[in-house]
Amino acid sequence: AFNGTWKVDRSEDYDKFMEQMGINLVKRKLAAHDNLKITLEQNGDTFHVKEVSTFRTLELNFTLGVTFEYSLADGTELSGTWVMEGDVLKGSFVRKDNGKTLTTVRHIVGDELVQSYSYEGVEAKRIFKKE
Ligand code: MYR
């Protein structure tokens, strides 16, 4: 269900979320128009991810339940896991610089992929449409 290329269509409270993450105004303004595109390809418990944005292009693999490292576009390093609960992907990632946890959920709503983010009491969403 998650397979495919997903292009960000709109965001909710993303600026507030990035501010809570400590990202400065200039970077937040750039990130608001990052044209993020995520390609997901699931093979059993393993996902191949391709991420393309105005900031960078990267590819990675993760396996459900297995800890992996991931860096945000600003260099903030995270370590965490995705697990599948029903039809929902749930991610829990710890920032290496301050030990605080960012949680994120991906689920399909109609023909859209909704990714929710939560960090230190602030929640945001980004909604993607299939290409
Ligand atoms: C992936 O599945 O796409 C790779 C792992 C993603 C890890 C968590 C993503 C959190 C992104 C937060 C972005 C907000 C930056 C302020």
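Below is a summary of the structure that appears in this document. Note that the structure is predicted; figures quoted are calculated from it, not measured.

## What about the pairing of strand β4 (residues 57-63)?
Here comes step 1: Residues Leu 58, Leu 60 and Phe 62 point to one face of β4 and are all buried, whereas Thr 57, Glu 59, Asn 61 and Thr 63, pointing to the other face, are not buried.
Here comes step 2: Where strand β3 (residues 46-52) meets β4, seven bridges bridge the pair, whose relative direction is antiparallel. Within β4, the position partnered with Val 52 by the bridge is Thr 57.
Here comes step 3: Hairpin connection between β3 and β4: a loop of four residues separates the two successive antiparallel strands.

## Some points on the site of the ligand
Here comes step 1: Around the ligand, the surrounding shell holds 15 residues, and the nearest of these are Ile 23, Phe 62, Trp 82, Phe 93 and Arg 106.
Here comes step 2: Relative to its unbound accessible area of 480 Å², the ligand is 93% covered by the protein chains.
Here comes step 3: In terms of residue count, the dominant contributor to the shell around the ligand is helix α1 (residues 14-20) (three residues).
Here comes step 4: Among the residues forming the shell around the ligand, the class breakdown is 14 nonpolar, no polar and one charged.

## What about the nonpolar core?
One broad trend across soluble globular proteins is that nonpolar side chains are buried collectively.
Here comes step 1: Membership of the largest hydrophobic core comes to 19 residues, with the highest contact counts inside it found for Leu 40, Phe 62, Trp 82 and Phe 128.
Here comes step 2: For this core, the secondary-structure elements that each account for two or more residues are β1 (4-12), β2 (37-43), β3, β4, β6 (77-85) and β7 (88-95).

## A closer look at the packing of aromatic side chains
Here comes step 1: Going through the model one piece at a time under the given rule, you end up with seven aromatic pairs.
Here comes step 2: Judged by centre distance (5.0 Å) and plane angle (15°), the ring pair of Phe 47 and Phe 62 falls under stacked. With a gap of 15 residues between them, Phe 47 in strand β3 and Phe 62 in strand β4 connect regions that are remote in the sequence.
Here comes step 3: Here Phe 62 falls in the buried class, since its relative accessible area comes to 2%.
Here comes step 4: Consider the rings of Phe 62 and Phe 68, whose centres lie 5.4 Å apart with planes at 10°: the pair is stacked. Phe 68 shares its class with Phe 62; the two are buried.

Conventions we followed
Residues numbered from 1 in each chain as written. Predicted model: local features only at pLDDT ≥ 70, side-chain atom pairs only at ≥ 80, totals over all residues. Heavy atoms only, no water. Buried < 20%, exposed > 50% of the residue type's maximum accessible area, 1.4 Å probe, protein only. Helix = DSSP H or I, 4+ residues; strand = E, 2+ residues; numbered from the N terminus. Pairing = 2+ DSSP bridges. Near = heavy atom within 4 Å. Areas by Shrake-Rupley, 256 points an atom, 1.4 Å probe, with all protein chains shown as cover. Nonpolar A, V, L, I, M, F, W, Y, C, P; charged D, E, K, R; others polar. Core = buried A, V, L, I, M, F, W, Y, C linked by side-chain atoms within 4.5 Å. Phe/Tyr/Trp six-rings, centres within 6.5 Å; stacked < 30°, edge-to-face > 60°.

Note that every value here comes from positions in space, so none of it alone points to a role or purpose.
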